[in-house]
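Descriptive analysis of the structure
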Amino acid sequence: MSTRYQLHVPADILAAMLEHSRAELPNECCGLLAGRVADGVGVVTKRLPLVNSAASPTEYWSEPRSMLQAEKTMRAEQLDLLAVYHSHPTSPPIPSRTDLARNFYGESVQHLIISLEKPQGEVRAWRLREDGYDEVILNVVDADESRMSRNRELATEMENGKDNRGIENGEPRTEN
Ligand SMILES: [Zn+2]
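Parameters and conventions
Each chain has its residues counted from 1, running along the sequence as written. Local features are withheld for residues below a pLDDT of 70 in this predicted model, meaning they are given only at 70 or higher, and side-chain atom pairs are given and counted only at 80 or more; totals for whole chains, interfaces and linings count all residues. Strands are runs of DSSP state E lasting at least 2 residues, helices are runs of H or I lasting at least 4, and numbering of each runs from the N terminus. The exposure label follows from counting other C-beta atoms within 10 Å of a residue's C-beta, where the C-beta atoms are placed from the backbone and the thresholds are 20 or more for buried and 12 or fewer for exposed, leaving partly exposed in between. With C-beta atoms placed from the backbone, a contact is any residue pair whose C-beta atoms sit within 7 Å. Following DSSP output, two strands are said to pair if at least two bridges run between them. Fitted lines through C-alpha atoms give the axes, limited to the stretch in contact for helices. The angle between two N-to-C directions lies from 0 to 180 degrees. Take the number of residues in a helix, subtract one, and multiply by 1.5 Å to get its expected span. The arc in question is the one traced by the directions running from the helix axis out to the C-beta atoms. Under the definition applied here, buried Ala, Val, Leu, Ile, Met, Phe, Trp, Tyr and Cys residues are grouped into a nonpolar core through C-beta atoms within 7 Å.

Looking only at helices and strands, the protein chain features four helices and seven strands. Each helix and strand of the protein chain, ordered N terminal to C terminal, gives the series β-α-β-β-α-β-α-β-β-β-α. In the protein chain, which comprises 176 residues, the proportion classed as buried is 31%. Restricting the contact set of the protein chain to residue pairs at least 6 apart, pairs at least 24 apart contribute 67%.

Below, the structure written as C-alpha cells:
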C-alpha cells in the first residue's frame, strides 16, 4: 500500500547499528534514530546509541542518562525522534510481546529490530500498536551520494525473507 509509513535510513547508519548490536553481544543493544519527516517519509540523519541498563540478551531498558543526552542532542540539532532500534541476538527481527508492552512512544515512533540470528544480520522496521504491529517500509539510502539506492546486501537479504507486502496485523511473538 502506498499509505504505508516509510523510513529512509543511510547505509552507514544501518551499518553502525549492526556494529553496535554485535558489540553488545550477548546482550541486546538499543538506540534512537532522529531526523525529519518530509512528504510523509521519515528521513533519518542521525543515530543516537543508548546504554541498555538491563544488560540482558532478552530485553532492553534505555538508561536514563544516555536518553537525556540523546534528547539534548536532538533538541540542539532540531531533529525529531523517528525510530527506536534494538537487537534480538538470537531471534528473528519480529516484535516480541515485551516490545509491544514497553512501547512508550505510541505509533508516531517506529521500531527497528536488528536480528543477529543469521551471521549477516537482518533489520526490519515496524509500527507497534497495543495488540500487534505493521511492517514499515525501510529504504536504505546511499550514504555517499545522498541519492536513493538500496544497499545490495540488505535488499537481497530482505527480499529472501519476505514478500513486498510485509506483515500487516501481525501477532506478537510469545517469546523474545
Ligand atoms: Zn525486542
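For the rest of this paragraph, the subject is the environment of G132. Looking at the element boundaries, G132 is found in the loop between β6 (122-128) and β7 (133-141). In this structure the C-alpha to C-alpha distance between G132 and S96, which are 36 residues apart in sequence, comes to 9.5 Å.

Now for the pairing of β6. In terms of residue burial, β6 counts as a mostly covered element, since six of its seven residues are buried. Pairing between strand β5 (residues 110-115) and β6: five bridges, direction antiparallel. In the strand pairing of β6, H111 is matched with W126. Linking β5 back to β6 in an antiparallel pair, the connection comprises six residues, with G121 at a positive phi of about 80 degrees. Relative to β7, β6 runs antiparallel, the two being bridged by four bridges. Across the sheet, L128 pairs through a bridge with Y133, a residue of β7. Two successive antiparallel strands, β6 and β7, enclose a turn made up of four residues.

Moving on to the sheet that holds strand β2 (residues 30-38). An order of β1-β3-β2-β4-β5-β6-β7 is seen for the seven strands of this closed barrel, with the pairing classed as mixed. Across the sheet, the axes of successive neighbouring strands diverge by a mean angle of 35 degrees, strand direction being ignored. Across the sheet, helix α2 (residues 64-76) is in contact with β2, β3 (41-50) and β4 (80-88); its angle to β3 comes to roughly 140 degrees.

Let us now look at helix α1 (residues 11-23). The terminal C-alpha atoms of α1, which comprises 13 residues, lie 18 Å apart, in line with the 18 Å expected from a rise of 1.5 Å per residue. Those residues of α1 that sit buried are L14, M17 and S21. The buried residues of α1 occupy an angular sector of 55 degrees when projected down its axis, which confines them to one face.

To continue, consider the nonpolar core. By size, the foremost hydrophobic cluster in this structure holds 30 residues, and its most contacted members are L7, V9, L33, A83, Y85 and L112. Going through the elements one at a time, β1 (6-10), α1, β2, β3, β4, β5, β6 and β7 are the ones with two or more residues in this core. Among the elements that make up this core, the one with the highest residue count is β7 (five residues). Apart from residues no more than four positions distant in its own chain, V9 is found in contact with L14, L33, V44, L138, V140 and V141.

Turning to the environment of L79, a few remarks are in order. Following the sequence through the fold, L79 ends up in the loop between α2 and β4. Along the backbone, L79 and A34 are 45 residues apart, and their C-alpha atoms lie at a distance of 5.9 Å. Dropping the residues within four chain positions of it, L79 is found in contact with A34, G35, R36, T45, K46 and M74.

Bringing α2 into the picture now. Its 13 residues give α2 an end-to-end C-alpha distance of 18 Å, which sits within 8% of 18 Å, the value for a rise of 1.5 Å per residue. Q78 lies just past α2 and shows a positive phi near 55 degrees.

Let's shift gears to the environment of E135. Examined against the element boundaries, E135 turns out to sit in strand β7. Residues E135 and R4, 131 residues apart in the sequence, show an inter-C-alpha distance of 8.2 Å.

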